[in-house]
Amino acid sequence: MKSSNERRQIQLAEEEIKKYASIVESDPNRLRYHLMPPVGLMNDPNGLIYWKGQYHVFYQWMPFATTHGAKFWGHYTSHDLIHWERQAPALAPSEWFDRNGCYSGSAVDNDGVLTLFYTGNVKDDQGVRHTYQCMAISTDGLHFEKKGVVIYLPDGYTAHFRDPKVWKYKNKWYMVVGAQSVQLDGKVVLFCSEDLIHWEHIGSIAGGENGTFGYMWECPDLFHLSGKDVLIVCPQGLQPEGMHYQNVYQAGYFIGQLNYETGQYIHGTFTELDRGFEFYAPQTMVDEHGRRIMIAWMGVPDQDENKHPTIYYRWVHALTLPRELILIGDKLYQRPIEQLQLLRSEKVQYPNVSLQKEKRKFDGVKGKTVELLLKHIDGKGVLSINIQHHVSFSYDFEQKIATLERESFARNGEKERRQCALSSLQTLHIFIDTSSIEIFLNEGEEVFTARFFSNEENEDILFQTNEQVTFHLYKWKLC
Ligand code: FRU
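Predicted, not measured: the structure shown is a model, and the values here were computed from it. (Residues numbered from 1 in each chain as written. Predicted model: local features only at pLDDT ≥ 70, side-chain atom pairs only at ≥ 80, totals over all residues. Heavy atoms only, no water.)

Chemist: I'm lost on the site of the ligand in this one. Help?
Modeler: Taken together, 13 residues form the shell around the ligand, and within it Asp44, Gln60, Arg162, Asp163 and Glu218 come nearest. In the model, an oxygen atom of the ligand is placed 3.1 Å from a nitrogen or oxygen of the serine 104 main chain. Taking glutamate 218, its side chain carries an N or O atom lying 2.9 Å from an oxygen atom of the ligand. Protein chains shield 92% of the accessible area of the ligand, which is 320 Å² for the free molecule. (Near = heavy atom within 4 Å. Polar contact = N/O pair within 3.5 Å; in protein donor to acceptor, adjacent residues only side chain to side chain. Areas by Shrake-Rupley, 256 points an atom, 1.4 Å probe, with all protein chains shown as cover.)

Right, here's the structure in full:
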């Protein structure tokens, strides 16, 4: 049973949804096939799980404002990762151990009981932060009962200790938590349990030393893929380095091996997952087909949040499309999940396009909700694709650099860009959804994710080159 205080919080959130539904839905920038908050602010995806025939996606949610605050766990379910149903909020801040927020966490199936782990965030009367790793359970996947604190802050860390991700390995449960050491280095801390209730603190398995790699690591996720152990994590405090680390905070991964006996994680270097502007706090799950699927927040903390035009319609942010992760060598590839094809209608194709020093539109290749696929790309000079006169992707065949440029919505239309090195470009797979774009290069070798806000009528897609480029072009209307 939920406490009366939690029930009251959930009721207030439901009232907020009703109150602003028509304003939220009237926003021309509202997305058509991405998960968004029904009202208020959405951030991290939480508790991703395929459970009893359904996908569950929970998320960090502030129902009462478009700013961060005491977070709820919002909840969506789906049978196919494409069509989603909103469910009642799963968790609301209400108890002494989570009164300032049910922060990020994860879900596991414990013998048929859907079990959530999350961080109880508390600011005491002096404004001092406290953190508790908490548990909640459900037998129907819809109603959740809090079970209280399972882990208190171990010695050696500050109260920036959060985002438990739990998994099972050989009959034992393991948990990684994002942390900040008392020396102010970002860390990932490992715990182990027989019963999900009593947890043994094994120690830090990865992190910076002496301020070398960020002051806090958030949202860790550790999983086995193609014989290796992948650790996804979000370090805060990295300085920009050339084309790297251009956003306020980063999301990326290490490839390594975790020794479950010793708790040692031997790993390679950090690689960013996304090259665009808005991507953070990814989490993964395995589904019925054994696929490792990742969803991230299409936003970044402390990055121009209050400048999104959607806040006038009382909502802000969204989640990325679900992406299947494939490990090739030591590189994670991200592929838009296959079920997205269910959204396709109205196909237009132009086999054997050849552009020569020109700018061109193609009949039928435009729209607000569009999937574009360019295959067998080859060329000289620069290929650029301009979308709604607001955002453009280009590839320089000579410099071997991919660039995403947009008109900044935070700084009066000023141009801003993100770039990455790419030795060749063969395919481009682009998903446009009203005010979001996700660009998959070479079957997910690199990805650019971003929001952009053009004006309502604009649906143009322009192709341009200063030399010569050839490709096959396919376009689908989506939804
Ligand atoms: C990441 C994060 C998490 C925290 C949550 C709070 O975006 O800061 O570390 O649990 O958001 O909403």
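Next comes the rest of the account.
Chemist: Help me understand the UniProt feature "domain: Glycosyl hydrolase family 32 N-terminal" (unreviewed entry) in the chain in this model?
Modeler: In the UniProt entry, the feature "domain: Glycosyl hydrolase family 32 N-terminal" (unreviewed entry) is given for residues 34-336. For residues 34-336, the helix share is 0%, the strand share is 57%, and the end-to-end C-alpha distance is 13 Å. (UniProt positions renumbered as here; feature names shortened; annotations may be inferred. Helix = DSSP H or I, 4+ residues; strand = E, 2+ residues; numbered from the N terminus.)

Chemist: Even after reading the chapter, I still don't get the pattern of salt bridges, so can you show me in this structure?
Modeler: Between side chains of opposite charge, a pair can form when the charged atoms approach closely. Summed over the entire model, instances satisfying the criterion amount to 26 salt bridges. In this structure, aspartate 274 and arginine 323 form a salt bridge, with 3.4 Å as the shortest nitrogen-oxygen distance. A residue pair is termed long-range when its members are at least 10 positions apart, and aspartate 274 in the loop between β17 (271-272) and β18 (280-286) and arginine 323 in strand β21 (residues 323-328) qualify at 49 residues. Overall, aspartate 274 belongs to the buried group, its relative accessible area being 7%. For the salt bridge of glutamate 416 with arginine 406, the shortest nitrogen-to-oxygen distance reads 2.8 Å. Of the two residues, glutamate 416 sits in strand β28 (residues 415-421) while arginine 406 sits in strand β27 (residues 401-407), which places them 10 residues apart along the sequence. For the pair glutamate 416 and arginine 406, a shared accessibility class is recorded, and that class is buried. (Salt bridge = Lys/Arg side-chain N within 4 Å of Asp/Glu carboxyl O. Buried < 20%, exposed > 50% of the residue type's maximum accessible area, 1.4 Å probe, protein only.)

Chemist: Looking at this model, I keep getting lost on unusual backbone geometry. Mind explaining?
Modeler: Excluding glycine, residues mostly carry a negative phi; peptide bonds, for their part, are mostly trans. One non-glycine residue, glutamine 388, adopts positive backbone phi at about 50°. Tracing the backbone shows glutamine 388 in the loop between β25 (382-387) and β26 (391-396). Judged by its relative accessible area of 1%, glutamine 388 is buried. A positive phi angle is found at cysteine 479, which is not glycine, with a value near 80°. Of note, cysteine 479 is situated in the segment after β32 (461-478).

Chemist: Whenever I open this one, the sheet that holds β18 confuses me. Can you help?
Modeler: Strands belonging to one sheet form pairs held by backbone hydrogen bonds; the direction of such a pair is parallel or antiparallel. Spatially, β18-β19-β21-β22 is the arrangement adopted by the 4 strands of the open sheet, whose pairing is antiparallel. Of all strands in the sheet, those with a lone pairing partner are β18 and β22 (331-336), marking the two edges. The mean inter-strand angle of the sheet, taken between neighbouring strand axes irrespective of direction, is 40°. Direction of pairing for β21 relative to β22: antiparallel, over a ladder of 6 bridges. Along β22, the bridge assignment pairs leucine 325 with glutamine 334. (Pairing = 2+ DSSP bridges. Axes fitted to C-alpha atoms, helices over the stretch in contact; angles between N-to-C directions.)

Chemist: How do you make sense of the domain arrangement of the chain when you look at a structure like this?
Modeler: How big an interface is tends to be stated in terms of the accessible area lost upon association of its parts. Domain assignment breaks the chain into domain 1 (4-336) and domain 2 (343-478). Here domain 1 and domain 2 have C-alpha centroids that lie 30 Å from each other. Buried surface at the junction of domain 1 and domain 2, summed over both partners, amounts to about 3300 Å²; 59% is from carbon and sulfur atoms. At the boundary of domain 1 and domain 2, one finds 5 salt bridges. (Domains from an automatic or database assignment. Buried area = accessible area lost by both parts, 1.4 Å probe.)

Chemist: Quick question: what am I supposed to make of the pairing of strand β3 (residues 72-78) here?
Modeler: Look at any regular strand and the pattern is simple: side chains alternate between the two faces of the sheet. The buried fraction of β3 is high, at 7 of 7 residues. A two-sided burial pattern is seen for β3, the buried positions comprising Phe72, Gly74, Tyr76 and Ser78 on one face and Trp73, His75 and Thr77 on the other. Pairing of strand β2 (residues 54-62) with β3, which is carried by 7 bridges, proceeds in the antiparallel orientation. Across the sheet, the residue bridging to tryptophan 61 is phenylalanine 72, located in β3. As paired strands, β3 and strand β4 (residues 84-91) are joined by 5 bridges and run antiparallel to one another. Looking at the pairing, tryptophan 73 lines up with leucine 91 of β4. With antiparallel pairing between neighbouring strands as the criterion, β3 and β4 make up a hairpin whose turn holds 5 residues, including leucine 81 at a positive phi of roughly 70°.

Chemist: Would you mind showing me how to read the packing of aromatic side chains here?
Modeler: The description of two aromatic rings rests on the distance between their centres and on the angle between their planes. The full count for this structure, using the stated rule, is 34 aromatic pairs. On the numbers, 6.1 Å between centres and 55° between planes, the contact of tyrosine 59 with tryptophan 61 is tilted. Ring centres of tyrosine 395 and phenylalanine 397 lie 5.0 Å apart, and the angle between their planes is 90°; on these two criteria the pair is classed as edge-to-face. Of the two residues examined, tyrosine 395 and phenylalanine 397, each falls in the buried class. The ring centre of tryptophan 315 lies 4.6 Å from the NZ or CZ of arginine 30, which sits over that ring. Arginine 406 extends its terminal NZ or CZ atom over the ring of phenylalanine 277, reaching a point 3.8 Å from the ring centre. (Phe/Tyr/Trp six-rings, centres within 6.5 Å; stacked < 30°, edge-to-face > 60°. Lys NZ or Arg CZ within 6 Å of the ring centre and 35° of its normal.)

Chemist: Sorry, what's going on with the side chain of histidine 429 here?
Modeler: Examined against the element boundaries, histidine 429 turns out to sit in strand β29 (residues 428-433). A polar contact of 2.7 Å, which involves the side chain of histidine 429, links it to the side chain of glutamate 371. Not counting residues up to four positions away in its chain, the partners in contact with histidine 429 are Pro336, Arg344, Glu371, Leu372, Leu373, Glu438, Ile439 and Phe440. (Contact = heavy atoms within 4.5 Å.)

Chemist: Looking at this model, I keep getting lost on helix α1 (residues 4-25). Mind explaining?
Modeler: Given 3.6 residues per helical turn, the α-helix brings residues three or four places apart onto the same face. In a regular helix each residue adds 1.5 Å, so 22 residues correspond to 32 Å; α1 covers 31 Å between its end C-alpha atoms and thus fits that length. Of all the bends in α1, the greatest measures close to 45° and is centred on lysine 19. Within the sequence span of α1, burial applies to Glu6, Gln9, Ile10, Ala13, Glu16, Ile17, Tyr20 and Val24. Contact partners of the buried residues in α1: β2, β3, β4, β8 (145-151) and β20 (315-316). (Expected span 1.5 Å × (residues − 1). Bend = angle between axes of the 7 residues up to and from the residue.)

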